[in-house]
Amino acid sequence: MTAPVPEAAIARPRLSKLPSLTGLRFFAALLVFFFHITLSNSPIPPNDPINPFADAEFGSTLEWLVSKAGYVGVSFFFVLSGFLLAWASKPGEPKRQFWRRRLLKIFPNHLVMWVLSMILFAAAINPPLGWISNLFLVNSFIPDASVYVAVNPPSWTLNSELLFYMLFPLLMVPIRKIPGNRLWAWAWITVAAMIAVQLITTYLIPATPVSALTPISEAQFWFGYIFPPARLFEFILGSLLARIVLSGRWVPLKMWHTLLLCVAGYVAAMVVPFVYSFNVATIIPVAAIICTVATRDIAGHTGFLGSKPMVWLGNISFGFYLCQGVVIFYGRILLRNEVYPTPIAWLVVAGFFVATLLGGWALYALVEKPVMDRWARPRPKLIQREPDQATVTVG
């Protein structure tokens, strides 16, 4: 293991961007896509099958193979959020400035998809409580399946992200005070807290009635997977990992080591009790791949993940994720949930992928980027020079 180095000794300009992590984001969003496109039951009533394969055996096998992919993708995004925010965090940054930037990051895209979902299907099938609570991204706090996935179903994760953003300036105060030699201990404490959440889910949350969509009760699924405070530990872990990498305390791993670890974690998620597949079984591989890719960026080894096409895909990954509810779930309704011979079904999957990609690009190019470019940065300050000089605007 390399000797730890002071965080201040690492050149910040070199670390201002982590292009490979941006590229990696797209693969996490892709995992969610394959999870959604193979579902036996849509989250949109009447919960008809999404899976387009007429060969029931092949379709169910494919669904089983990617049955944990969505959980891995969501967990990855939660850890990555904590990592990137801590990575870029500057002591003394005004809270209002930080909150404005993060709200502008999520709400414009969310509002566009909220309106589109309401027009197409949500107003007819969701209760008013679902409309209103989803609009303000608080629906995941309500233990009712008709509410916590209301309107645009994938947007339930934004409830957690919003909570993370609101708490981040407060959380970073104690996180910055943790001595470097205790960072690993605190990281393991957050992992233990994730296990504790699932123990509570298993033994303290009512296990009946069993949900028609999962092998556990609706209440257990809500508490163990949907409830935002229960996901907070992944975000905190990400922030701790950023400090671990910045201080030079990350265990050096090669990419193939990390990929093997990811495969092992996914296999573990397939065999552990259901609630432990939400994040516990895969949290170490998720942490490992984020930190390994980040350390490669530091060393200048961006490779394929840091290429321009992958960075572009990573930039549109938020939109790609967020429009899946309309493109996949509503799109299958438009196709009357028909199933097809295997070659045709793969073409259907490819068509949905292209449509989702175009939707993600549209959200990024027409909504997210213009809004962030225009309003996310501090307003320029006017500096008054000597009377004989013009007033100039500086960034």
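Residues numbered from 1 in each chain as written. Predicted model: local features only at pLDDT ≥ 70, side-chain atom pairs only at ≥ 80, totals over all residues. Heavy atoms only, no water.

## Considerations on the layout of surface pockets
Here the idea is plain: a probe the size of a water molecule rolls over the atoms and shows the empty space left.
Okay, step 1: In this model, the second largest pocket occupies a volume close to 940 Å³.
Okay, step 2: What lines the second largest pocket is a set of 41 residues, and nearest its centre among them are Asn41, Pro43, Leu213, Thr214 and Phe221.
Okay, step 3: Elements with a minimum of two residues in the lining of the second largest pocket: α2 (19-37), α3 (56-65), α4 (69-88), α5 (95-125), α7 (145-148) and α10 (218-226).
Okay, step 4: With 4 residues, the top contributor of residues to the lining of the second largest pocket is α10.
Okay, step 5: Looking at side-chain class alone, the lining of the second largest pocket contains 28 nonpolar, 10 polar and 3 charged residues. (1 Å grid on protein atoms, 1.4 Å probe; cavity = no way out; pocket = protein on both sides within 12 Å on 5 of 7 lines; lining within 4 Å. Points joined across faces, edges and corners; volume = space filled by probe spheres on them. Helix = DSSP H or I, 4+ residues; strand = E, 2+ residues; numbered from the N terminus. Nonpolar A, V, L, I, M, F, W, Y, C, P; charged D, E, K, R; others polar.)

## With respect to the pattern of salt bridges
Okay, step 1: Counting across every chain of the model gives 4 salt bridges.
Okay, step 2: When the shortest N-O distance is used, the salt bridge between Asp373 and Lys369 registers 2.8 Å. In this pair, Asp373 and Lys369 are both assigned in helix α17 (residues 342-376), 4 residues apart and thus about one turn of the helix distant. (Salt bridge = Lys/Arg side-chain N within 4 Å of Asp/Glu carboxyl O.)

## Focus: the packing of aromatic side chains
Okay, step 1: Under the counting rule described, the total for this entry stands at 32 aromatic pairs.
Okay, step 2: A centroid spacing of 5.0 Å and a plane angle of 45 degrees characterise the contact between Tyr225 and Phe278, whose relative ring orientation is tilted. Residue Tyr225 is located in helix α10, and its partner Phe278 is located in the loop between α12 (255-271) and α13 (283-298); the two are separated by 53 residues in the primary sequence.
Okay, step 3: Exposure remark for Phe278: the relative accessible area of 0% places this residue in the buried category.
Okay, step 4: Taking 5.2 Å as the distance between ring centres and 80 degrees as the angle between the ring planes, the aromatic pair formed by Phe274 and Phe278 counts as edge-to-face.
Okay, step 5: Taken together, the aromatic side chains of Phe35, Tyr71, Phe78, Phe98, Trp156, Phe164, Phe168, Phe221, Tyr225, Phe235, Phe274 and Phe278 make up a single cluster linked through ring pairs.
Okay, step 6: One cation-aromatic arrangement involves Arg102 over Tyr165; the distance from NZ or CZ to the ring centre is 4.8 Å. (Phe/Tyr/Trp six-rings, centres within 6.5 Å; stacked < 30°, edge-to-face > 60°. Buried < 20%, exposed > 50% of the residue type's maximum accessible area, 1.4 Å probe, protein only. Lys NZ or Arg CZ within 6 Å of the ring centre and 35° of its normal.)

## Some details on the packing of α2 against α13
Okay, step 1: For the pair α2 and α13, interaxial distance at closest approach is 8 Å and the crossing angle is 145 degrees. Counting all contacts with α2, which are made through Pro19, Ser20, Leu21 and Leu24, the residues of α13 involved are Ile289, Ile290, Val293, Ala294 and Asp297. (Axes fitted to C-alpha atoms, helices over the stretch in contact; angles between N-to-C directions. Contact = heavy atoms within 4.5 Å.)

## Description of α13
Okay, step 1: With 16 residues, α13 should cover 22 Å at 1.5 Å per step; its first-to-last C-alpha distance of 23 Å lies within 8% of that length.
Okay, step 2: Within α13, 13 of the 16 residues are buried, which leaves the element mostly enclosed by the surrounding structure.
Okay, step 3: One or two residues past the end of α13 sits Gly300, with phi positive at roughly 85 degrees. (Expected span 1.5 Å × (residues − 1).)

## Quick word on the environment of Glu218
Okay, step 1: Structurally, Glu218 is set in helix α10.
Okay, step 2: Sequence separation between Glu218 and Pro206 is 12 residues, and the spatial gap between their C-alpha atoms is 9.0 Å.
Okay, step 3: Excluding residues within four positions of it along the chain, Glu218 makes contact with Pro143, Asp144, Ala145, Tyr148, Pro209 and Ser211.
Okay, step 4: Of note is the side chain of Glu218, whose polar atom sits 3.2 Å from the backbone nitrogen of Ala145. (Polar contact = N/O pair within 3.5 Å; in protein donor to acceptor, adjacent residues only side chain to side chain.)

## Considering helix α6 (residues 128-135)
Okay, step 1: Along α6, the residues classified as buried are Gly130, Ser133 and Asn134. Across the axial projection of α6, the buried residues extend over an arc of 100 degrees, all falling on one side.
Okay, step 2: Backbone geometry just after α6 places Leu137 at a positive phi near 55 degrees. (Arc of directions from axis to C-beta.)

## Comments concerning the confidence of the model for the protein
Okay, step 1: Summary statistics for the protein give a mean pLDDT of 91 and a share of 91% for residues scoring 70 or more.
Okay, step 2: Between the elements of the protein, mean pLDDT differs from a low of 29, seen in strand β2 (residues 392-394), to a high of 98, seen in helix α9 (residues 183-203).
Okay, step 3: Contacts from residues 8-14, a stretch scored under 50 in pLDDT, to residues over four places away or in other chains number 9 contacts.
Okay, step 4: This model gives residues 382-395 a pLDDT under 50, and the stretch forms 14 contacts once residues within four places in sequence are excluded. (pLDDT = per-residue confidence, 0-100.)

## Points about the environment of Val275
Okay, step 1: Inspection of the secondary structure assignment puts Val275 in the loop between α12 and α13.
Okay, step 2: Val275 gets classed as buried once you look at its relative accessible area, which sits at 5%.
Okay, step 3: Separated by 94 residues in the primary sequence, Val275 and Lys369 place their C-alpha atoms 37 Å from one another.
Okay, step 4: Not counting residues within four places of it along the chain, the set of residues in contact with Val275 comprises Gln198, Thr201, Thr202 and Ile216.

## Observations regarding the nonpolar core
Okay, step 1: With 116 residues, the main nonpolar core has Leu21, Phe76, Phe83, Phe221, Leu241 and Ile290 as its most contacted residues.
Okay, step 2: It is α4 that provides the largest number of residues to this core, a total of 13 residues.
Okay, step 3: Leaving out residues up to four positions away in the same chain, Phe83 has contacts with Leu18, Leu21, Gly238, Ser239, Leu241, Ala242, Val245, Ile290, Cys291 and Ala294. (Core = buried A, V, L, I, M, F, W, Y, C linked by side-chain atoms within 4.5 Å.)

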